[in-house]
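# An overview of the molecular structure
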Amino acid sequence: MTQFNVAQFKQQFPLLGLNVENKSLIYFDNAATSQKPHCVIEAIKQFYETSNANVHRASHYLSSKATTAFEQSRESVKTFINAKSTKEIIWTKGTTESVNLVSHSLGLDRLCADDEIVLSASEHHANIVPWQLVAQKTGAKIRVLPVTASGIIDVTDVDTIINIKTKIVAVAHISNVIGKVNPIEKIIARAKSVSAFTFIDGAQAVAHITVDVQKLGCDFYAFSAHKMYGPTGVGVLFGKQSILESMPPYQSGGEMIKTVSFNRPTTFNTLPFKLESGTANISGVVALAEAISFIKPYIQDSIDYSDYEKQMTHHCYQQLSQLKGVKFIVEGEPDIPVLSFLLEGHHNHDIATLLDSYGIAVRAGHHCAMPLMESLAINGCIRVSLAPYNTIAEIDVLIDTLKRILQKADSFVETNLSPERVK
Ligand code: PMP
């Protein structure tokens, strides 16, 4: 059992010492991308300084060194999410490419007019738009599971919405705006009962909770390295081996073939290579293994780590609740430290810009979830997303700064928009 020590954890992130506007940076945009620890940055540098070569293709020393590190990373991912085999781990550029891979390979191949794809109202655009494009091409229809007042996927009508016409169900494990764990076990069970494929977008889950794809029983699970302390430009698609075997190639070119001839049809490589074409982000893949070694003991073995996340979430939620004009977009405290709210009478972007001028990084806007905004009848919100290198003291700075901003806005209104001046 590892004891969680915030100061020690934070020390490993060089960029967190940065000064912004003469104040030390408070980074509360972790759901967009997390900061990177020294070991991940060092792994990228080390790869280029000691092992750089293309993988799989040559029999020389450097190539086999690079290939070994590249394939060891696949092994790390397999263990991290408890897949059965490394054949089930496909490298992609990120969650977005993983959705595109499955929707365009499996979707285009299997869907027919009047088949149904089930998504939820809280999906990120990455788990909507690729399915819409495939639906347009195949004539399939998209059906949407609504969200409850507390923001999780509503499973009340799951037996009607997921029915014998459903061929694919694709939902997020945790929404990037709401921060609550969706009832995916129920959704997966219902999808299985009608023999529909299940795709889980795990982009926001892997840095916070243990993911066991065998226990979940989903057909596909996708995530991005950069949201779990790894580099940008690397993602993972887990797929059950028998399903991946049956899927046609997604992108084509080098690496993914067995034989190419102008006289015979091209034949394809075995898994996982059949679904990976061209040169991958090799240094990024190698650095992902480092990110996993870094974070896995915290997520999977340290109760303190998740307790600390919960403590921060609770504190931030309580403190924000007490601020005048704060309105959370859904009811109840989130499961992971992602808090989305409005400040009545203020534009979301104004607040984010003002906070930035105090060295506090938050995000404002639709967060790539326009259908969710539409279903909540808002056009955006402010999102504060924390990581365990953040502290209670930083949350208190955010609250004090918001109070100052609100006070200034109030006194501006009093001085400039008093009835006498407005006349
Ligand atoms: N799904 C969710 C829930 C996300 O939060 C994100 C990133 N914000 C994505 C998908 C897309 O991930 P990426 O941009 O790394 O492909």
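Quick note: structure is the one above.
In what follows, the accompanying structure is described. No experiment lies behind these values; they were computed from the predicted model shown.

Conventions we followed
- Residues numbered from 1 in each chain as written.
- Predicted model: local features only at pLDDT ≥ 70, side-chain atom pairs only at ≥ 80, totals over all residues.
- Heavy atoms only, no water.
- Near = heavy atom within 4 Å.
- Polar contact = N/O pair within 3.5 Å; in protein donor to acceptor, adjacent residues only side chain to side chain.
- Areas by Shrake-Rupley, 256 points an atom, 1.4 Å probe, with all protein chains shown as cover.
- Nonpolar A, V, L, I, M, F, W, Y, C, P; charged D, E, K, R; others polar.
- Salt bridge = Lys/Arg side-chain N within 4 Å of Asp/Glu carboxyl O.
- Helix = DSSP H or I, 4+ residues; strand = E, 2+ residues; numbered from the N terminus.
- Phe/Tyr/Trp six-rings, centres within 6.5 Å; stacked < 30°, edge-to-face > 60°.
- Buried < 20%, exposed > 50% of the residue type's maximum accessible area, 1.4 Å probe, protein only.
- Pairing = 2+ DSSP bridges.
- Axes fitted to C-alpha atoms, helices over the stretch in contact; angles between N-to-C directions.
- Disulfide = S-S within 2.5 Å.

### Brief notes about the site of the ligand
- Looking at the ligand, the residues that line it are G94, T95, T96, H124, A126, N176, D201, A203, Q204, S224, H226 and K227.
- One of the side-chain nitrogen or oxygen atoms of D201 is found 2.5 Å away from a nitrogen atom of the ligand.
- Expressed as a share of its isolated accessible area of 400 Å², the protein-covered part of the ligand is 85%.
- When its residues are assigned to classes, the shell around the ligand shows two nonpolar, eight polar and two charged.

### Concerning the pattern of salt bridges
- For the coordinates displayed, the defined rule picks out 13 salt bridges.
- Taking the shortest distance from any N to any O, the salt bridge between R143 and E116 comes out at 3.6 Å. Of this pair, R143 sits in strand β6 (residues 141–145) while E116 sits in strand β5 (residues 116–120); the two residues are 27 residues apart in sequence, bridging distant segments of the chain.
- Three or more residues are tied together by salt bridges with common partners; here these are D29, R363 and R383.

### A few points about the packing of aromatic side chains
- Counted by the stated rule, this structure contains 24 aromatic pairs.
- Their ring planes at 65° and their centres at 6.4 Å tell us that F80 and F223 sit as a pair that is edge-to-face. Of this pair, F80 sits in helix α3 (residues 61–81) while F223 sits in strand β9 (residues 220–224), and the two are 143 residues apart along the sequence.
- Given the relative accessible area of 4%, F80 is considered buried.
- These aromatic residues form a ring-pair network of at least three members: F4, F9, F13, Y229, F294, Y298, Y305, Y308 and Y389.

### Section: the sheet that holds strand β10 (residues 235–239)
- Strand order in the open sheet made by the seven strands is β4-β10-β9-β8-β7-β5-β6, with mixed pairing throughout. Both outer strands of the open sheet, β4 (89–92) and β6, are each paired with one neighbouring strand and no more. Sheet twist, expressed as the mean angle between neighbouring strand axes with direction ignored, is 20°.
- Here strand β8 (residues 197–201) pairs with β9 via three bridges, running parallel. Residue pairing for β9: I200 is matched across the bridge by Y221.

### As for the pairing of strand β14 (residues 338–343)
- Extensive coverage of β14 is indicated by the burial of six of its six residues.
- Going residue by residue along β14, you find V338, S340 and L342 tucked away on one face and L339, F341 and L343 tucked away on the opposite face as well.
- Sheet topology places strand β13 (residues 326–328) next to β14; three bridges connect them, and they run antiparallel. Looking across to β14, one finds that K327 is bridged to L342.

### Comments concerning the state of the cysteines
- A complete count under the given rule lists zero disulfides for this structure.
- With no disulfide of its own, C368 lies 12 Å from the sulfur of C381, the closest cysteine sulfur.
- Owing to a relative accessible area of 32%, C368 belongs among the partly exposed residues under this scheme.

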